[in-house]
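Remarks on the overall topology
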Amino acid sequence: MKFNPATLLVVLLALGGAAALLLVGAKPEPPPAVSAPAPAAAVKAEAPPPGDATSKAVDDLKKEIVLLQGQIEYLEGQNNALKDENAQLIQKLGTLGMKDAPKMNLKDDDVPPDFVGMGLEMMKMRKLHALPLVTTAISQEEVEIVILAWLKRQQPNEEAKKFARGLAALGWIPEAIDPLPLRAALLARQLGGWYDEESETMYTVDPATASGPAVTANEPLGIAFGQLLREYGSVLFQPQHGPLKTDMRLARESLIAGDAGLTRFLFSLQNPASAPKDDLPAEDPDHPLNQVPMPAYLRQLALFPFAGGFDFAQTLHSAGNFAQLNAAYSRPPVSTAEVIEPEVYLDQERPAPVEIQLSDVKLKGVLPYLDDRLGKFACVAALRTHNDDEAASLGARGLVADRLLAWTADGGAKRDHAAWQTLFMDKASADAFYKAMLNCLKETYETKGENEFTTQGRFVSLLRNRGDAGVVLIEAASEEARAALKHLMK
């Protein structure tokens, strides 16, 4: 049986202290009184003088102290050996269970990146009680493949392609594309890695394959994101319940991305070397994020969870530290409006989402292939294309609900039919939106300000409804379709 070195050390120290106290407290007793001189033989047979006994006891104590010191040095050596062994085990955790795991690349200073140690520090600071992430380095292309598989589980049945077709029908992106590979490429560059729940492994981008140094510089953000995705991903994203509406999906992504950004920020305060160098790469065309050929509107939606989410997480942390953030995963934001205005989310009596009801959504007897809710930020991003930030924010401020519907256009038209119904708090809010959206249409189609026009093969209408609190935008590929949509949205 092996004794715990720390326990043995405590016991030995306690015994030594007790012995010292006994020796200090012991006093030599005076010799008994002698009435007459004893014979010489009797004197020789007596015990040695008291001084000699005390001297012998002091010598014995010194020997015991020397022995204890030797044992203490031995135990200290054992303790240091255990620390070294423990550190090696923690490092090995990074590739535990991984067959043929590639050797971790060295940084410029020839020191391997300590993702396990970094993760432990951030978990401790973030107050997450869990084992460190198993990490391994793979190529950036392979990281993108892992991310793409996760994104497809969140939006199955080509939901993302349908969404892009709807945006193209509105004229907000140039053409219908598959946005998920582009989103995966963007996330790989934003995070420098990804946590794969199936293999329970954090895959980091091999620096030799990275698009630029900014990718590997984002590894602390990726580690934080991976830890949170492991802990709360199954709660936030449940594909078995069907794909989320765009507004709700962006809101939930904002919670986890903002939480990761805040964790990375607080970690960088203690470790300045991990601080983000370039969170705003818009002015650098060679930045890895700008190398992804993503339409501007889709890029704004993709970046919002990290930008808007950071402010949201910071507000929650200020209100109740990490306990408030932890609780948010059980009560996630339901819309980007709550992310933009955290005080609405924190209100115990926050209003429930409003659904726009329509008696019939069939166009020529066919159901729409897209039935989505864009939300407040998507509305701001749309208005921002041809309005300044102030006008765009004012136009979306009073948005209560919206519903985007899209149908396939016949006759080989390049763009489908779409109708976007919006509902606002009051007439004044609807007026602000109407003005900003009309300005977008004027700039896009070079019209003179009419709210109904036909140009470039499109039949466009911007109409008021629902007691002047609603605005509907109709984009059709034929006059017949526009007339039918006006009747549906009436």
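Residues numbered from 1 in each chain as written. Predicted model: local features only at pLDDT ≥ 70, side-chain atom pairs only at ≥ 80, totals over all residues. Heavy atoms only, no water.

1. Comments concerning the sheet that holds strand β5 (residues 399-407)
Overall, antiparallel pairing links the six strands, which are arranged β4-β5-β6-β9-β8-β7 in an open sheet. Edge positions in the sheet fall to β4 (370-372) and β7 (452-455), since each has one partner strand and no second. Taken over all neighbouring pairs, the strand axes of this sheet differ in orientation by 10° on average, direction set aside. (Pairing = 2+ DSSP bridges. Helix = DSSP H or I, 4+ residues; strand = E, 2+ residues; numbered from the N terminus. Axes fitted to C-alpha atoms, helices over the stretch in contact; angles between N-to-C directions.)

2. Describing the packing of helix α14 (residues 375-384) against helix α16 (residues 427-445)
Taken N-terminus to C-terminus, the directions of α14 and α16 make an angle of 45°; their axes are 9 Å apart at the nearest point. It follows that α14 is oblique to α16 by the angle criterion. The residues of α16 that touch α14, namely those facing Cys379, Ala382 and Leu383, are Phe433, Ala436, Met437 and Cys440. Classifying every residue of the contact of α14 with α16 gives seven nonpolar, no polar and no charged. (Parallel < 35°, antiparallel > 145°, perpendicular 65-115°, else oblique. Contact = heavy atoms within 4.5 Å. Nonpolar A, V, L, I, M, F, W, Y, C, P; charged D, E, K, R; others polar.)

3. Some thoughts on the sheet that holds strand β3 (residues 201-205)
Strand order in this open sheet of three strands is β1-β3-β2, and the pairing throughout is mixed. At either margin of the open sheet sits one strand with a lone partner, and together these are β1 (135-138) and β2 (193-196). Direction aside, the axes of adjacent strands within the sheet are offset by 25° on average. Pairing of β1 with β3, which is carried by four bridges, proceeds in the parallel orientation. Bridging across to β3, Ala137 finds its partner in Thr204. In this fold helix α5 (residues 140-154) packs onto β1, β2 and β3, with an angle of close to 45° to the strand it touches most, β2. Where helix α9 (residues 219-236) meets the sheet, its contacts fall on β2 and β3, and the angle it forms with β2 comes to roughly 15°.

4. Looking at the pairing of strand β8 (residues 458-465)
Of all eight residues that make up β8, seven are buried, and the element is covered over most of its length. As judged from the four bridges shared by β7 and β8, these two strands associate in the antiparallel manner. The partner of Thr454 across the bridge, within β8, is Phe459. Counting the residues that bridge the hairpin from β8 to strand β9 (residues 470-476) gives four residues, and of these Arg466 lies at a positive phi of roughly 55°. (Buried < 20%, exposed > 50% of the residue type's maximum accessible area, 1.4 Å probe, protein only.)

5. Quick word on the state of the cysteines
Considering all chains together, one arrives at zero disulfides under this definition. The thiol of Cys379 is unpaired, and the distance to the nearest cysteine sulfur, on Cys440, comes to 9.4 Å. (Disulfide = S-S within 2.5 Å.)

6. Here we look at the confidence of the model for the chain
Low-pLDDT portions of the prediction should not be read for the details of their coordinates. Averaged over all residues, the pLDDT of the chain equals 83, while 76% of them reach at least 70. Across residues 21-47, where pLDDT falls below 50, the model places five contacts with residues more than four positions away in sequence or in other chains. Ignoring residues within four places in sequence, the model shows residues 90-110, a span with pLDDT below 50, making 31 contacts including any to other chains. (pLDDT = per-residue confidence, 0-100.)

7. Examining helix α7 (residues 179-191)
Count 3.6 residues to each turn of an α-helix, and residues three or four apart come out pointing the same way. Compared with the 18 Å implied by 1.5 Å per residue over 13 residues, the 18 Å span of α7 between its first and last C-alpha is a close match. With twelve of 13 residues buried, α7 is to be regarded as a mostly interior element. Capping the start of α7 is the job of one residue whose side-chain oxygen sits 3.3 Å from the backbone nitrogen of Leu180: Asp178. (Expected span 1.5 Å × (residues − 1). Polar contact = N/O pair within 3.5 Å; in protein donor to acceptor, adjacent residues only side chain to side chain.)

8. Observations concerning the pattern of salt bridges
Scanning all chains against the criterion turns up 22 salt bridges. Note that Arg189 is salt-bridged to Glu144, the shortest N-O span being 2.9 Å. Here Arg189 is found in helix α7, whereas its partner Glu144 is found in helix α5, with 45 residues between them in sequence. Two residues, Asp247 and Arg373, come together in a salt bridge whose shortest N-O distance is 3.6 Å. Taken together, the residues span a long stretch of sequence, with Asp247 in helix α10 (residues 246-270) and Arg373 in the loop between β4 and α14 at a distance of 126 residues. In this pair, the class of Asp247 matches that of Arg373, namely buried. In this structure, a network of salt bridges that share partners links the residues Arg153, Glu197 and Glu198. (Salt bridge = Lys/Arg side-chain N within 4 Å of Asp/Glu carboxyl O.)

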